[in-house]
Amino acid sequence: MSRTRPLLRARHLGLFLLVALPPLLLLSVRVGTTGVLDLGATLDGLRAVAGWGEPLPGTLQTILELRLWRALTAAGVGASLALSGVLVQGLFRNGLAAPSLLGVTGGAALGATGALLLFGGYGPALLTLHDAGLRTLLVPLFGFLGALGAVLLVAALSSRAGRFSVPTLLLTGIAVNTVIGGLLSFVSAMLLDDWDISRAIMAWTFGTLADRSGWHVLTVWSGLAIASACLPFLAWELDLLQGGEDDARALGVDTGRVRLLAVVAAALSAAAAVAVAGQIAFLGLVVPHLLRLLCGPRHGALLPLAVPGGAVFLLAVELVNHAALAERALPPGVVMALIGGPFFLALLAWNRREVETW
Amino acid sequence: MKLLAAHDLCFDYPGPVPAVAGVSLELSAGELLVVCGPNGSGKSTLLRLLGGLLVPARGEVALLGRPLAGLSAAERARRVARVPQSLVSVPEVSVEHFALAGRYAHVRRFRGPADNDRRAVASALVATEVDDLAQRSLGELSGGQRQRVLLARALASEAPILLVDEPTTGLDPEHQVRALQLIAGQRSDGRGAIVVTHDLNLASQFATSVLLLDRGRLVRRGPPADVLRPEVLAPVYGEHLYYGRMPAPDGRPFVLPWLDPPVRA
């Protein structure tokens, strides 16, 4: 008699994640490249952000706010990428699928690089400019447009008469990503001499959560909110799709609508995440696997858990990164690759099971 | 009223041979119609057309008097349930949860499964004799158990029309008989079933009528004894068949593959 009960009940894990989230956010505000803020000052500073008190003296308030936006962006990005990962893996019926397969990541990188070329680098210099205005948002905006453009291209190339086949989508995604990767390498090679722009492109490639603003937070959480609104129309349907397209249709699932909705939700949340933070590899792959391992394969549990799960995961990784390395903290994409890669290999080795079909 | 009526169904795959060419059929309550034919004769295509998974190039299907083309996916699924031969992948869920998928077209979104859904699943598990496996994982069932769980999911839908694809493939004789007994047993409460199978002998024993397809065309439809005859089968299956009859009292016809049939004049 084998277990059909997962290791943990989804409800318990969800509760744990929700309880863990606020302290993690608070810790992320306290710990950063410039040292650790004490709890009292942190709370005072947060009150000031909300407009209920006096700001902290000197640059402390600015530092706190930058850390707050970083933490909220990290939570939103982790949640979005994890959610997108669950959606894409469910859609492709393949645990190796990741949001980047839809062309989201490459497209966003291309768009962001375009913006960097047109408007110059971004970073602290741009943020502290008083007349910077919406210029700080041009990079995310172009990233977002690039991501959506790439997804639309992949979708258009892999569909016929409004219907697309999942294997074709997979192959088209790989091909489009390859082309975009080539373009990006080409641009980077041409710009090696321009230190500012090269550095900005590099930051994008490995992801960055530093120097975020409230707008970044708003962007990523908006994408996440829209994607989350689709979940009630996808959870059971994605479960039923695991038995195959015909089987789901025979059960009464409008599979065309489900696939479209899943692609839109996955693309939107991943695009918003990549637009504000650049590429953070592996998160969209590892978190869904972890959740599936803990709570079983039902999307009714996986999808809602992906939001707090991804947020907690990226926040925790960032916290360790900053606590351990202080001002030498690595870009989140690098940390994820260094942690996520070996972790994923271990998962594969440990969980090697024959794929069964009947 | 007929449960299902198909008129002049045509469907072409890209290629020279039409998959289904001008097939008409009807299914009444209490009927078990077995569709037979050689490989590539269009059996599975016909079943997919009847279940609304393919749109016919010509002709139409009516389910309980309503044209299939005008039904939503959920309306269709409440009228006709499909028992597939296999699934693309086996979800790691319990038998009970799997069978609940049969209620998809009934369950209201944001409400979740209601009492009548749970009851339908429970009675489907009992009817297919898998109620003792309700909490087991799908992945560890035997072939015969899987077949019954797939049938349970279809019964849970309470759809009056059952479309069953190759229910006996990979099963030993005892389980073949049990699978068909279960399907045949569902005809009593106003249901009808269309079963696609290669097995002419099971058709002979369980079918109320047999429909023989060859290269997409309907060759013969009638009681098993009318179809399992040399003059009907030989043009379709060739000469390598031995024709016999079961012992009395039922005396049903059967056929066996025959390596060296006598050469006919």
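The coordinates are above.
What counts as what
- Residues numbered from 1 in each chain as written.
- Chains lettered and ligands numbered in written order.
- Predicted model: local features only at pLDDT ≥ 70, side-chain atom pairs only at ≥ 80, totals over all residues.
- Helix = DSSP H or I, 4+ residues; strand = E, 2+ residues; numbered from the N terminus.
- Rg over C-alpha atoms; globule rule 2.2 N^0.38 Å.
- Buried ≥ 20, exposed ≤ 12 C-beta atoms within 10 Å, placed from the backbone.
- Contact = placed C-beta atoms within 7 Å.
- Core = buried A, V, L, I, M, F, W, Y, C linked by C-beta atoms within 7 Å.
- Nonpolar A, V, L, I, M, F, W, Y, C, P; charged D, E, K, R; others polar.
- Expected span 1.5 Å × (residues − 1).

J.: So what exactly am I meant to see when it comes to the overall build of chain B here?
T.: Along chain B, the regular secondary structure elements total nine helices and twelve strands. Taking 2.2 N^0.38 as the reference for a compact globule, 265 residues should give roughly 18 Å; the C-alpha atoms of chain B span a radius of gyration of 19 Å, in line with that estimate. With respect to the principal axes defined by its C-alpha atoms, chain B has extents near 70 × 40 × 35 Å. Buried residues in chain B amount to 43% of all 265 residues. Counting only contacts in chain B whose residues sit at least 6 apart along the sequence, the fraction spanning at least 24 positions is 65%.

J.: Help me out: how do you make sense of the nonpolar core in this one?
T.: Core analysis: the largest hydrophobic core is formed by 182 residues, its most contacted members being Leu-83, Val-104, Ala-147, Ala-271, Leu-283 and Ala-306 of chain A together with Ala-99 of chain B. Per-element tally for this core: the top contributor is helix α3 (residues 60-92) of chain A, with 18 residues. Ignoring any residue separated from it by four or fewer positions in sequence, one finds Ala-99 of chain B in contact with Val-121, Ala-124, Leu-125, Val-149, Ala-152, Arg-153 and Ala-156 of chain B.

J.: Is there a simple way to explain the interface of chain B and chain A in this structure?
T.: Often the size quoted for an interface is simply the accessible area lost on bringing the parts together. Every contact between the two is made by 29 residues of chain B and, on the other side, 25 residues of chain A. Here the side of chain B that touches chain A takes four residues from helix α2 (residues 73-79) of chain B, the largest share from any one element. Of the residues contributing to the side of chain B that touches chain A, the split by class is 14 nonpolar, eight polar and seven charged.

J.: Could you clarify how one ought to interpret the environment of Leu-148 of chain A in this entry?
T.: Residue and element names in this part refer to chain A. Along the polypeptide, Leu-148 turns up in helix α6 (residues 135-157). Taking the number of C-beta atoms within 10 Å as the measure of exposure, Leu-148 has 21 and is therefore buried. For Leu-148 and Gly-111, which are 37 residues apart along the polypeptide, the C-alpha to C-alpha distance reads 9.8 Å.

J.: Just to check I follow, could you spell out unusual backbone geometry for this structure?
T.: Leaving glycine aside, a negative phi is the common case for residues, and trans is the common case for peptide bonds. Residue and element names in this part refer to chain B. The backbone phi angle of Leu-64 is positive, close to 50 degrees, even though this residue is not glycine. You can call Leu-64 partly exposed: it has 16 C-beta atoms within 10 Å. With phi around 45 degrees, Arg-215 is a residue other than glycine that occupies positive phi space. One can find Arg-215 in the loop between β9 (209-214) and β10 (217-222). Given 16 C-beta atoms within a 10 Å radius, Arg-215 is considered partly exposed.

J.: How should I be thinking about helix α5 (residues 143-156) of chain B in this particular structure?
T.: Each full turn of the α-helix corresponds to 3.6 residues, which orients residues three or four apart in the same direction. Residues and elements named next belong to chain B. Taking 1.5 Å of rise per residue, 14 residues should cover 20 Å, and α5 covers 20 Å from first to last C-alpha, within 8% of that figure. The buried fraction of α5 is high, at eleven of 14 residues. Along α5, the residues that are buried comprise Arg-146, Gln-147, Arg-148, Val-149, Leu-150, Leu-151, Ala-152, Arg-153, Ala-154, Leu-155 and Ala-156. In the core, the buried residues of α5 are packed alongside β6 (80-83), α3 (95-100), α4 (115-127), β7 (161-165) and α6 (173-185). In the stretch just after α5, Glu-158 is the one whose phi turns positive, near 60 degrees.

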